[in-house]
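Here is how the chains run, residue by residue.
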Amino acid sequence: MPFPIARAAHWLPILAAFCAVTLVALHPNISSIALMLVALAQLSTLSGYRWLTYLLCSSAIGLLLPGFISYLTPENWVTTANWQALVSWAHPATFESFRAPLLMTLALQLSALSILLHQRARLGAPLLLVATLLLIGLQLAASSQAFTPLLRYEADWPSLLTLGIVLLGQYLQSVQHWRGKRSLTKALWPACGLLVAVLLLWEKLHNEAEQTLYQQVEARALQATHQLSQEIETHLNAMRGFARIWQLQTTLPTSQQWTDQAAGYRQDFTYLINIAFITPDSVIRHVYPINTPNLSLLGRRLFDVQPAGRDVLEPALRGQQEGSTDVIELLQGDPGVIHYFPVLNAQGVPLGAAAMAVSFPMFAETLFAQLPAEEGAVRWHDGTKLLAHHGDATLPGPWAYDYPVNLLDKTLTLSYQPRWEYLVSQLSRLPTISLVTGLILTYLLYLVLYTFQRLGQQHSAMQNSNIHLQQEIHQRSKLQQEVEWLARHDELTGIANRRHFLEQVEALQGVRPISLVLFDIDYFKRINDQLGHLVGDEHLLFFAQLGKSHIEQYGGIFARYGGEEFVAWLPSHHQPSAFQVADELRQKLAASSLSHADGKPLTLSAGIVTISHPENVDLARMMQAADEALYRAKHNGRNRVECGERNTTEGA
């Protein structure tokens, strides 16, 4: 490893551990604690304390495991409320703020697992580092959602920076072991392609899941707003009809008549805190329902006790127009509005006005009763003034919806904010399950590809080894054949040597007649002395090839016996025939282009011996007889062929 890289690989784990400890001191949470454990595990690996590395990595994975399981567990298995209750003893806020963000949880667990695997390529450590890097990059990418995400998927940038330092340190410690491995490269690229596809798919699925839930909750809020507006319009129309009833009589309604008519409307609209008849001098004459708070209002003059509604009440008492007060405090103590409707007789003469007081708390309680309180809080307000409230407002979610509600000529606001537990319980777990499943499949794909690449390399190496072995065997066989050939042939001339000659003679001992011819080149020593050994070797080679082709033409065996001596074995040749064969060879040599230094042609002398009796051949005696015949040929002037005693070797 180059020196700068080695120094960086040594100092980066120390820097990462320092940053992680600082994060825990400043912001102690599950994410920062797990990050500190991973950084310390890498530092202990560098120091050689493997047992401490196992302990720290296992602790980090175990610390993140409950939160990781909560991201995957369906709501009908373990509810979000159960998870919240489980951690409420240790963390007063929501469970979401207690557990680590999903992507950070996966990144820390993969980094810890890579350290546990000793950065071994065959166990998938390179893919784990790449997956951690991509998870960090995904957290740094800006979210495309137009609303606040329901769940926390990204960690803060100091944590991501610290994890990046840990990741860089792991890479520098491992790259020297990974460099040059073709099986690693061929397995890593397809797995990385699948990994990127898995992360992009998760990004799309989780955005769509949260957007779908956001739209569903928004639709419920719109439905509640529409229902509220429709209810307001319904009870206003009903009250108009109630006021027109009295046009059928010419006198003021009696208390019993008022009670009988108002009872039906009050039964339909229970949030009407009272339905009162107001005389032209603003005195409350009749009221329903008849209860203690309402009875206390009889005979009271509204211009005096409730001057805030006088501007609306006066036109109604004169029979001019209906109207509603602003949001005021009703005489019963609740916030609400009062609708005033003119009451005219059959001649159109004003008799007074009908007053309908709407209590906003009772209105909200009646209208939003179908919304379970544990799902969230509904607020009805006029600017900053709260008019009505329904539901549970603890642990609110990140989403709030505000819609205008028209009340005659006034505009109020309806706000709906669902609780975090309710929203999470409705959120699909499919994106997270798909992400985890994709990561597992990617890891398995890498292991399969890497294993096949290694097996392929081993198979190729074995094939190459077999090829080399076969080549070696072939070379050895060829060498063995050459050795065996050299053992039976003369190295200079290429014809059979004495050993091979004797083996062949042994095989042909039963043939009769049989002749043995011994050849010797005349004055061969002069050639070596005067022309050199190289020329002498060329003369020997020429004569050997000439003799071999000539003797084999007659079915004989020709071999170099030693030096310039050659021997021929002629089966089925009696002495005259053998003499003719030997003499023809003598004549061919004399007629060749070979010559001595003085220009005289190269010649030979030969001795022949033939046997015809059936006794076993005594090769030694035959060689002796042929040698004596050769001696006579040399003694008689050379360049001639002499025969030993015919049909016997006794003369020898």
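Residues numbered from 1 in each chain as written. Predicted model: local features only at pLDDT ≥ 70, side-chain atom pairs only at ≥ 80, totals over all residues. Heavy atoms only, no water.

**Considerations on helix 8 (residues 157–178)**
Its 22 residues give helix 8 an end-to-end C-alpha distance of 30 Å, which sits within 8% of 32 Å, the value for a rise of 1.5 Å per residue. If you look at helix 8, its biggest bend is around 30°, right at Leu 172. After helix 8 finishes, the residue Gly 180 shows a positive phi value of roughly 85°. (Helix = DSSP H or I, 4+ residues; strand = E, 2+ residues; numbered from the N terminus. Expected span 1.5 Å × (residues − 1). Bend = angle between axes of the 7 residues up to and from the residue.)

**Focus: the sheet that holds strand 15 (residues 641–643)**
Here we have 5 strands laid out as an open sheet, ordered 12-13-11-14-15, and mixed in their pairing. Two strands bound the open sheet, and with one partner strand each, they are strand 12 (557–562) and strand 15. Each neighbouring strand pair of the sheet contributes to a mean axis angle of 20°, computed without reference to strand direction. Where strand 11 (residues 514–521) lies against strand 14 (residues 604–611), 8 bridges are found, and the strand directions are antiparallel. Opposite Val 517, over in strand 14, you have Ile 608 as the bridge partner. With respect to the sheet, helix 17 (residues 498–507) is in contact with strand 11, strand 12 and strand 13 (565–571), its orientation differing from that of strand 12 by roughly 135°. Seen against the sheet, helix 20 (residues 575–590) touches strand 11, strand 12, strand 13, strand 14 and strand 15 and runs at an angle of roughly 165° to strand 14. (Pairing = 2+ DSSP bridges. Axes fitted to C-alpha atoms, helices over the stretch in contact; angles between N-to-C directions. Contact = heavy atoms within 4.5 Å.)

**Here we look at the sheet that holds strand 10 (residues 410–418)**
Reading across the sheet, the 4 strands line up as 8-7-10-9 and stay open at both edges, with antiparallel pairing between neighbours. For this open sheet the edge positions go to strand 8 (385–391) and strand 9 (401–407), each flanked by a neighbour on one side alone. Ignoring strand direction, the axes of neighbouring strands in this sheet form an average angle of 20°. By the bridge criterion, 6 bridges tie strand 7 (residues 376–382) to strand 8 in an arrangement that is antiparallel. Looking at the pairing, Asp 382 lines up with Lys 385 of strand 8. Sheet contacts for helix 9 (residues 182–244): strand 7, strand 9 and strand 10; angle to strand 9, the most-contacted strand, approximately 10°.

**Considering empty space enclosed by the protein**
Applying the stated criterion across every chain yields a total of 2 cavities of 30 Å³ or more. Here the largest cavity is characterised by a volume of approximately 140 Å³. In terms of lining, the largest cavity is formed by 18 residues, of which the most central are Tyr 71, Arg 99, Leu 151, Val 424 and Arg 429. Counting only elements with at least two residues in the lining of the largest cavity, the list comes to helix 3 (50–72), helix 4 (80–87), helix 9, helix 15 (420–426) and helix 16 (430–488). With 3 residues, helix 9 is the largest single contributor of residues to the lining of the largest cavity. When its volume is computed, the second largest cavity comes out at roughly 120 Å³. Surrounding the second largest cavity, 15 residues form its lining, Asn 274, Leu 297, Gln 306, Leu 331 and Ile 338 being those nearest its centre. Counting residues per element, the ones that place at least two in the lining of the second largest cavity are strand 1 (272–278), strand 2 (284–288) and strand 6 (350–359). A per-class count over the lining of the second largest cavity returns 12 nonpolar, 3 polar and no charged. (1 Å grid on protein atoms, 1.4 Å probe; cavity = no way out; pocket = protein on both sides within 12 Å on 5 of 7 lines; lining within 4 Å. Points joined across faces, edges and corners; volume = space filled by probe spheres on them. Nonpolar A, V, L, I, M, F, W, Y, C, P; charged D, E, K, R; others polar.)

**Describing the nonpolar core**
Judged by nonpolar contacts, the single largest core of 124 residues is most densely connected at Phe 360 and Trp 380. For this core, the element with the most residues is helix 9, which contributes 21 residues. Apart from residues lying up to four places away in sequence, Trp 380 is in contact with Leu 228, Ile 232, Phe 360, Phe 363, Lys 385, Leu 386, Leu 387, Ala 388, Val 405, Leu 412, Thr 413 and Leu 414. Membership of the second largest hydrophobic core comes to 26 residues, among which are Val 517, Phe 543, Leu 589 and Val 641. (Core = buried A, V, L, I, M, F, W, Y, C linked by side-chain atoms within 4.5 Å. Buried < 20%, exposed > 50% of the residue type's maximum accessible area, 1.4 Å probe, protein only.)

**Brief notes about the pairing of strand 11**
Of all 8 residues that make up strand 11, 8 are buried, and the element is covered over most of its length. As paired strands, strand 11 and strand 13 are joined by 7 bridges and run antiparallel to one another. Paired with Phe 519 across the strands is Phe 566, a residue of strand 13.

**Some words on the packing of helix 6 (residues 102–116) against helix 16**
Where helix 6 contacts helix 16, the two axes come as close as 12 Å, and the packing angle between them is 20°. It follows from the interaxial angle that helix 6 and helix 16 lie roughly parallel. Between helix 6 and helix 16 lies a crossing whose hand is right-handed. Residues Leu 102, Leu 103 and Leu 106 of helix 6 lie in contact with helix 16, whose contacting residues are Thr 432, Leu 435 and Leu 439. Residues that form the contact of helix 6 with helix 16 fall into these classes: 5 nonpolar, 1 polar and no charged. (Parallel < 35°, antiparallel > 145°, perpendicular 65-115°, else oblique. Left-handed = near helix turned anticlockwise from the far one by under 90°.)

**Some thoughts on a nonpolar patch on the surface**
A cluster of nonpolar residues, Leu 194, Ile 440, Leu 441 and Leu 444, forms a patch on the protein surface that exposes about 340 Å² of accessible area. Relative to the elements of secondary structure, Ile 440 occurs in helix 16. Take Ile 440: its relative accessible area is 47%, and that puts it in the partly exposed class. (Patch = residues over 30% accessible without salt bridge, like charges linked within 9 Å, V, L, I, M, F, W, Y side chains within 5 Å. Areas by Shrake-Rupley, 256 points an atom, 1.4 Å probe, with all protein chains shown as cover. Salt bridge = Lys/Arg side-chain N within 4 Å of Asp/Glu carboxyl O.)

**Points about the pairing of strand 9**
Judged by which residues are buried, strand 9 turns out to be one-sided: Tyr 401, Tyr 403, Val 405 and Leu 407 face inward and are buried, whereas Asp 402, Pro 404 and Asn 406, on the alternate face, are not. The sheet contact formed by strand 9 and strand 10 spans 7 bridges and is antiparallel. Residue Asn 406 lies in a different strand from strand 10, and its bridge partner there is Thr 411.

**Section: the confidence of the model for the protein chain**
Predicted coordinates in regions of low pLDDT should not be interpreted in detail. Overall, the prediction assigns the protein chain a mean pLDDT of 85, with 96% of residues at 70 or greater. The model gives residues 646–652 a pLDDT under 50, and that stretch makes 21 contacts with residues more than four places away or in other chains. (pLDDT = per-residue confidence, 0-100.)

**Observations concerning the packing of aromatic side chains**
What describes a pair of aromatic rings is the distance from one ring centre to the other and the angle between the planes of the rings. Summed over the entire model, instances satisfying the criterion amount to 18 aromatic pairs. Relative to Trp 399, the ring of Tyr 214 has its centre 5.1 Å away and its plane inclined at 80°; by these criteria the two rings are edge-to-face. Residue Tyr 214 is found in helix 9, and its partner Trp 399 is found in the loop between strand 8 and strand 9; the two are separated by 185 residues along the sequence. Judged by relative accessible area, Trp 399 falls into the buried class, the value being 2%. Measuring from centroid to centroid gives 4.9 Å for Phe 543 and Phe 566, while their planes differ by 75°, and the two rings are edge-to-face. Taken together, the positions of Phe 543 in helix 19 (residues 533–553) and Phe 566 in strand 13 put the pair 23 residues apart, joining distant regions of the chain. Both residues of the pair, Phe 543 and Phe 566, belong to the buried class. One aromatic cluster is present, built from ring pairs that chain together Phe 269, Tyr 271, Phe 360, Phe 363 and Trp 380. A cation over an aromatic ring shows up here: Arg 310 above the ring of Phe 303, its NZ or CZ 4.2 Å from the ring centre. (Phe/Tyr/Trp six-rings, centres within 6.5 Å; stacked < 30°, edge-to-face > 60°. Lys NZ or Arg CZ within 6 Å of the ring centre and 35° of its normal.)

**Regarding a positive patch on the surface**
Taken together, the side chains of Arg 120, Arg 122, Lys 181 and Arg 454 present a region of like positive charge at the surface. With respect to the element layout, Lys 181 can be found in the loop between helix 8 and helix 9. (Lys, Arg positive; Asp, Glu negative; His and termini not counted. Charge placed at Lys NZ, Arg CZ, Asp CG, Glu CD.)

**Brief notes about the pattern of salt bridges**
Applying the stated criterion across every chain, the model contains 16 salt bridges. Where Glu 208 meets Lys 204, a salt bridge forms, and the shortest distance between an N and an O atom there is 2.9 Å. Note that Glu 208 and Lys 204 are positioned in helix 9 at a spacing of 4 residues, about one turn of the helix. A residue is classified by how much of its surface remains accessible, and Glu 208, at 36% relative accessible area, is partly exposed.

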